[in-house]
Amino acid sequence: MRSETEPEQTEPVPAPASGPRTPAGPASARRAPDERAPDEPAGDQLLRADVVVVGAGYAGLSAALRLREQGLDVVVLEASSRVGGRVLSEERPSGPVVDHGGQWAGPTQQHLLALAERFGCRTFPTWETGQHIEVWQDGSRVGYAGAAPAAGPGIADYLRITALLDELALTVDLERPWLTPRFTEWDGRSAETFFREQTADPDALVRLALAVQGVWCAEPREISLFHVLFYIRAAGSYEQLMETGDCAQDRRFAQGAAGPAHAVAQLLGDRIRLGEQVCDVEQAGSAVRVRTAAGTVVQARRAVVALPPPAVRSIAFSPALPESRSGWIAHSAMGRVAKVHAIYAEPFWRAEGLSGIATLYGSPPVGVVFDNSPEDGSAGVLVAFVYGDRADAWAGLDQDERRTAVLGSLRAVVGERAERPVDYTETLWADDEFARGGYAAYAAPGGWSGYGEHGWREPTGAVHWAGTETATVWNGYIDGAIASGYRAAGEIADALAAPTALAERHG
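Computed from a predicted model, the values in this text were never measured in an experiment.

1. A few points about the overall build of the protein
Okay, step 1: Looking only at helices and strands, the protein features 17 helices and 24 strands.
Okay, step 2: Burial status across the protein gives 57% buried among its 507 residues.
Okay, step 3: Once local pairs closer than 6 in sequence are excluded, the contacts in the protein between residues at least 24 apart make up 74%.
Okay, step 4: As displayed, the protein has an accessible area near 19,000 Å², and 51% of this comes from carbon and sulfur atoms.

Take a look at the structure:
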């Protein structure tokens, strides 16, 4: 992940530990970590647990938290030096806390809000007071208030088509998507194909393209129409995805969105091992053995892999993953996005009646802008998003050129003062060696219909799959990641409670 400065953690993160806590009882601590059976490899550190979790993002942390609450011993292996995954909060030298990854919470994202309340992580409303701005390809600026412009280039067809998306999304079966009527038909087409069937208005198509870029960090040609509909259904409506108040962008975290993740990590303590990149997962008999590049081996009865689908490719599985799972991974691409913060002494645009919220169409690198200032307005922060093809072109520039291009986009939104920030930072998620993109993976055409029924999240033997991409509600969001961890923990609890598992544990 490329950034002008090394991020400073806003809250303490557990340091790598020598081993998991091993509570009394028959669960897993019958042998100390350094005791070995004759067939165990020399030179590696062997740990034992009921469950090993791969990945300490919100999905893996939530799975580990729930498993711990169910009385199971767990070890969490995280390749990075921090927890949080695609959520990364940093206190800047200039003062404000900024979120380089996921940052918002909406009123229907109950898992995230409950976790925040449990650990006392305060939220506040996203700033949206004032006039929003559209910047068009010819440089013209259009101001508006409310959820969307009442008039403007392409707006009529845009509103008609997005209403149609909502209507079609209502037919999606979230728990068993392959039972959705017209499932194969919709999955065989890209969003772009569908949009062009509905309108020839180039301005409407530009609006629709930016919507896809903003939500999935992809281009309409790249993403399955069915995946778009599934995602809308998982959020509740198209408006829930796109808007601010009472929708997905409703609230922000006072100390950064990584706060609940750090709080869970503090609770789990030395069960979390940082800097442990998993390279092998082996299933043999009733055991799962996970090996890291650092030489740690964890033997457990079950495993949770809570990684973005493309990141799973770096792990060698024995036996090999079934075709359904490997095919699903092959059809799951990470979005392409950069998140840039420009920080000012004050949010000067507010005094000029501007909200700081903007959409930019056409060639500027920036597609969407929000006011990301702290709650008290003690500094002004604009966050700019660079998506899809625009992100690819912008990432190819040198650092000074990237900065100049972004600040030029911000000038078009709030005026010439935008070009003189007191601080500037950018995060290119495609450069993150573990996430490999953002915000989430999306399904390419043919992915759901070809591999989804058994490859999406069906357990592979004793290996269970978590991650926001496996969620049925708020797929792609922090809330969906948390829900997926809880689901995987529930699958494991049910499996280990079966008569054969109980006999294995107590026999």
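Don't stop here, the text continues.
2. Quick notes on the pattern of salt bridges
Working definition: two side chains of opposite charge can pair if their charged atoms are close together.
Okay, step 1: Throughout the structure, instances matching the rule amount to 25 salt bridges.
Okay, step 2: A salt bridge links arginine 336 to aspartate 389, with the shortest nitrogen-to-oxygen separation between them at 3.2 Å. One end of the pair, arginine 336, is in the loop between β17 (332–334) and β18 (337–344); the other, aspartate 389, is in helix α13 (residues 388–395), and 53 residues separate them in sequence.
Okay, step 3: Of the charged contacts in the structure, one is a salt bridge between arginine 417 and glutamate 346, with a shortest N-O distance of 3.4 Å. Residue arginine 417 is found in the loop between α14 (399–414) and β22 (423–428), and its partner glutamate 346 is found in the loop between β18 and α12 (348–351); the two are separated by 71 residues along the sequence.
Okay, step 4: Within the structure, one salt-bridge network assembled from shared partners comprises Arg221, Glu222, Arg336, Asp389 and Asp392.

3. A few points about the sheet that holds strand β20 (residues 366–371)
Okay, step 1: Taken in spatial order, the 7 strands of this open sheet run β9-β8-β19-β20-β21-β18-β22, and their pairing is mixed. Edge positions in the open sheet fall to β9 (141–144) and β22, since each of these has one partner strand only. Pairs of neighbouring strands in the sheet enclose a mean axial angle of 20°, with direction left out of account.
Okay, step 2: Where strand β8 (residues 131–135) and strand β19 (residues 354–360) come together, 4 bridges link them in parallel fashion. Bridging from a neighbouring strand, isoleucine 133 pairs with alanine 358 of β19.
Okay, step 3: In the packing of helix α6 (residues 202–216) onto the sheet, contacts are made with β8, β19, β20 and β21 (380–387), and the angle to β21 comes to roughly 105°.

4. Let's talk about helix α16 (residues 478–497)
Okay, step 1: Taking 1.5 Å of rise per residue, the 20 residues of α16 would be expected to cover 28 Å, and the 29 Å separating its terminal C-alpha atoms lies within 8% of that figure.
Okay, step 2: A large share of α16 lies buried, amounting to 14 of its 20 residues.

So, how was this worked out
- Residues numbered from 1 in each chain as written.
- Predicted model: local features only at pLDDT ≥ 70, side-chain atom pairs only at ≥ 80, totals over all residues.
- Heavy atoms only, no water.
- Helix = DSSP H or I, 4+ residues; strand = E, 2+ residues; numbered from the N terminus.
- Buried < 20%, exposed > 50% of the residue type's maximum accessible area, 1.4 Å probe, protein only.
- Contact = heavy atoms within 4.5 Å.
- Areas by Shrake-Rupley, 256 points an atom, 1.4 Å probe, with all protein chains shown as cover.
- Salt bridge = Lys/Arg side-chain N within 4 Å of Asp/Glu carboxyl O.
- Pairing = 2+ DSSP bridges.
- Axes fitted to C-alpha atoms, helices over the stretch in contact; angles between N-to-C directions.
- Expected span 1.5 Å × (residues − 1).

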